[in-house]
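# A look at the structure
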Amino acid sequence: MTALLLVGSAALWGSSRLSWGGGVPTSLVPLALLALAGIAGVLATSGWARRVVGGVVVLAGVAAGWAGLDGGLGHGLWARVVALLAALALVVAGVVLVRSGHRMPRLGARYQTPAAARANETPEKELWRALSEGQDPTME
């Protein structure tokens, strides 16, 4: 999902740099920044919060699509096509996040404090911990 968000963000920024044959929509760069912030949101959250991030990304994709279609497809065709492709990437990423984002791993979710790790320790984990500390548990 982060790759789609990065592609969508880059495409929106690139679209803002192309010739639109009139005025460039002012919403493209802020929407690109919102997509980049969505990457941080995906990495930092889990559960329902990640679904909210997905919903915001879908709304950003719809807004980008609206900006791409606003004014017709006459002038600045390539800029509009790039904006519409970016919108599609954002909507797809957002829908996937809403539907299955809660199942994706969270950054740093495997870390446990030493006290919590000892509370969940099994005999097998205890042997591996001893080996990690340089002790030979078979010699005791």
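Here is a short report on the structure shown in this document. (Residues numbered from 1 in each chain as written. Predicted model: local features only at pLDDT ≥ 70, side-chain atom pairs only at ≥ 80, totals over all residues. Heavy atoms only, no water.)

This part takes up the nonpolar core. By size, the foremost hydrophobic cluster in this structure holds 22 residues, and its most contacted members are L5, L12 and L90. Considering every element that reaches this core, the biggest residue donor is helix α4 (residues 77-100), with 7 residues. Other than its neighbours up to four places away in sequence, L90 contacts L5, G8, L12, A35, V57, V58, A60 and G61. (Core = buried A, V, L, I, M, F, W, Y, C linked by side-chain atoms within 4.5 Å. Buried < 20%, exposed > 50% of the residue type's maximum accessible area, 1.4 Å probe, protein only. Helix = DSSP H or I, 4+ residues; strand = E, 2+ residues; numbered from the N terminus. Contact = heavy atoms within 4.5 Å.)

Taken together, L6, W13, V29, L33 and L36 make up a surface patch of nonpolar side chains, about 470 Å² in accessible area. Considering each element in turn, the nonpolar patch owes the most residues, 3 residues, to helix α2 (residues 28-44). For L36, the position within the fold is in helix α2. When its relative accessible area of 39% is taken as the criterion, L36 is described as partly exposed. (Patch = residues over 30% accessible without salt bridge, like charges linked within 9 Å, V, L, I, M, F, W, Y side chains within 5 Å. Areas by Shrake-Rupley, 256 points an atom, 1.4 Å probe, with all protein chains shown as cover. Salt bridge = Lys/Arg side-chain N within 4 Å of Asp/Glu carboxyl O.)

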